[in-house]
Amino acid sequence: MEDWSDCLDVAVQIALRAGQVVQSAVKQEKQVSSKSTPTDLVTEADHQVEELIISTLREKYPSHRFIGEESSAAGVKCELTDHPTWIIDPIDGTCNFVHSFPMVAVSIGFAVRKELELGVIYHCFDGTLYTARRGHGAFCNGVRLQVSKEKDVSKALILTEIGAKRDPATLDIFLGNMKKMLSAPTHGVRIIGSSTLALSHIASGAAEAYYQYGLHCWDIAAAAVIIREAGGHVMDTTGGPLDLMSRRVVAAGTRQIADYVVKQLQPINYGRDDTDP
Ligand code: 2AM
Ligand code: CA
Ligand code: CA
Ligand code: CA
């Protein structure tokens, strides 16, 4: 039975190298263009970092498969099979990166037989490294992570994100969901512009719950392992098991807070990662 610890070490080294590239790119003039909508940004650095991560991993593990945000955007099929598969977000928080807003991460997840085994998230601005291996705990710069044990939603800090889709119907549901979270009442709701860092805050216990519609498998893969290994819950927005390709997620420190969030949410419909062109 493989324990994938070598793969974790390799992923950490690559995430740190990728983080260095992001750190130097953030200080330079950025070449920004847009993808699906004018607010869906991509830069030269997104492509460069994804290429660096995938080519380095492919050289080391030629039989492995790869899913990456920018490769998918370029038409590579986003498909999770039983094969060992790396799931990569080269720059999570591209809009933040463009503004030098200090919430930008590199995210590398790894699944085998469709089960998430490893997660590495590197916060490029403060150098925080989140790591986890299934069954072996989650760590932040080597210190064990533990989710919040809070069960009372009125004491919860809730995180969410809004993607590039900003049509009136999407915004109405988004704001309706946010209103429910604010009026619970909770301690507050935050949007930091990086799904993977928001999810890392659930793993570290800095916030109690996270929900999002429209995110992608590369936004959740690494973070899901890290949260579960920190004792937390990651699930579908209906409360059922997480479907990595479904573009929706609820994560929480406790089942009680997860259940509360699930009950409140009105869904926003997106396609699936594995059927989108
Ligand atoms: P990205 O920066 O890698 O594109 C805020 O936009 C956060 O949501 C970021 O983590 C962003 O990832 C992610 N995101 C990207 N596309 C999204 C979408 N269509 N809907 C919701 N979130 C999205
Ligand atoms: Ca993007
Ligand atoms: Ca992302
Ligand atoms: Ca990205």
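Every chain's residues receive numbers from 1 upward, in the order its sequence appears when written. Naming scheme: in the order in which they are written, chains are lettered from A and ligands are numbered from 1. This being a predicted model, a pLDDT of at least 70 is required before a residue's local features are given, and a value of 80 or more before pairs of side-chain atoms are given or counted; all residues contribute to the totals for chains, interfaces and linings.

S.K.: I keep staring at the sheet that holds strand β10 (residues 157–160) and nothing clicks. Help me out?
M.R.: Within a sheet, adjacent strands bond to each other through the backbone by hydrogen bonds, running parallel or antiparallel. Pairs of strands are assigned from DSSP output, requiring at least two bridges between the strands. Secondary structure elements follow DSSP: runs of H or I of four or more residues count as helices, runs of E of two or more count as strands, with numbering from the N terminus. Taken in spatial order, the five strands make up an open sheet running β11-β10-β12-β14-β13, and their pairing is mixed. Looking at the sheet topology across the chains shown, the edges are occupied by β11 (188–190) and β13 (233–235). For this sheet, the mean inter-axis angle between neighbouring strands, taken without regard to orientation, is 15°. Where β10 lies against strand β12 (residues 209–213), three bridges are found, and the strand directions are parallel. Looking at the pairing, Ile158 lines up with Ala209 of β12. Its contacts with the sheet place helix α6 (residues 195–204) against β10, β12 and β14 (248–252), and it is angled at close to 155° to β12. Fitting a line to C-alpha atoms yields each axis, with helices limited to the stretch in contact; the angle taken between N-to-C directions then spans 0 to 180 degrees. By definition, residues are in contact whenever their C-beta atoms, placed on the basis of the backbone, come within 7 Å of each other.

S.K.: Looking at this structure, I do not really get the site of ligand 1. What am I missing?
M.R.: We call a residue near a molecule or strand if the C-beta atom, set from the backbone, is within 6 Å of it. The local shell around ligand 1 holds 16 residues, among which Thr94, Glu161, Gly163, Ser195 and Gly214 are the closest. Listed by contribution, the elements that provide at least two residues to the shell around ligand 1 are β4 (85–92) and α4 (94–99). Three classes are used: nonpolar for Ala, Val, Leu, Ile, Met, Phe, Trp, Tyr, Cys and Pro, charged for Asp, Glu, Lys and Arg, and polar for all others, with Gly counted as polar. For the shell around ligand 1, a count of residues per class yields three nonpolar, seven polar and six charged. A domain assignment, automatic or from a database, supplies the domain bounds used here. A domain-level breakdown of the shell around ligand 1 finds at least three residues from each of domain 1 (5–144) and domain 2 (153–264).

S.K.: Quick question: what am I supposed to make of helix α1 (residues 5–25) here?
M.R.: A turn of α-helix holds 3.6 residues, and therefore any two residues three or four places apart point the same way. The first and last C-alpha atoms of α1 sit 30 Å apart over 21 residues, in line with the 30 Å expected at 1.5 Å per residue. Contact partners of the buried residues in α1: α2 (44–60), β4, β5 (105–112), β6 (115–123) and β7 (129–133). Helix span, expected: 1.5 Å multiplied by one less than the number of residues in the helix.

S.K.: What's the story with the environment of Ala45 in this structure? I'm lost.
M.R.: Tracing the backbone shows Ala45 in helix α2. For the pair formed by Ala45 and Gln31, sequence separation is 14 residues and the distance between their alpha carbons is 8.2 Å. Sequence-distant contacts of Ala45, that is, excluding residues within four places in its chain, are made with Val22, Ala25, Lys30, Ile91 and Phe97.

S.K.: What is the right way to look at the UniProt feature "binding site: Mg(2+)" (unreviewed entry) in the chain in this model?
M.R.: UniProt positions are given in the numbering used here, feature names are shortened, and annotations may be inferred rather than shown by experiment. Following the UniProt record, the feature "binding site: Mg(2+)" (unreviewed entry) maps to Glu69, Asp89, Ile91, Asp92 and Asp219 here. A stretch of 151 residues holds the annotated residues, and the largest C-alpha distance among them is 10.0 Å, short enough that they meet in one place. Counting through the fold element by element, Asp92 comes out in strand β4. Among all residues touching Asp92, those that are not within four sequence positions of it are Ala105, Ser107, Ser194, Ser195, Thr196 and Asp219. Relative to the helices and strands, Asp219 is located in helix α7 (residues 217–229). Sequence-distant contacts of Asp219, that is, excluding residues within four places in its chain, are made with Asp89, Asp92, Ser195 and Thr196.

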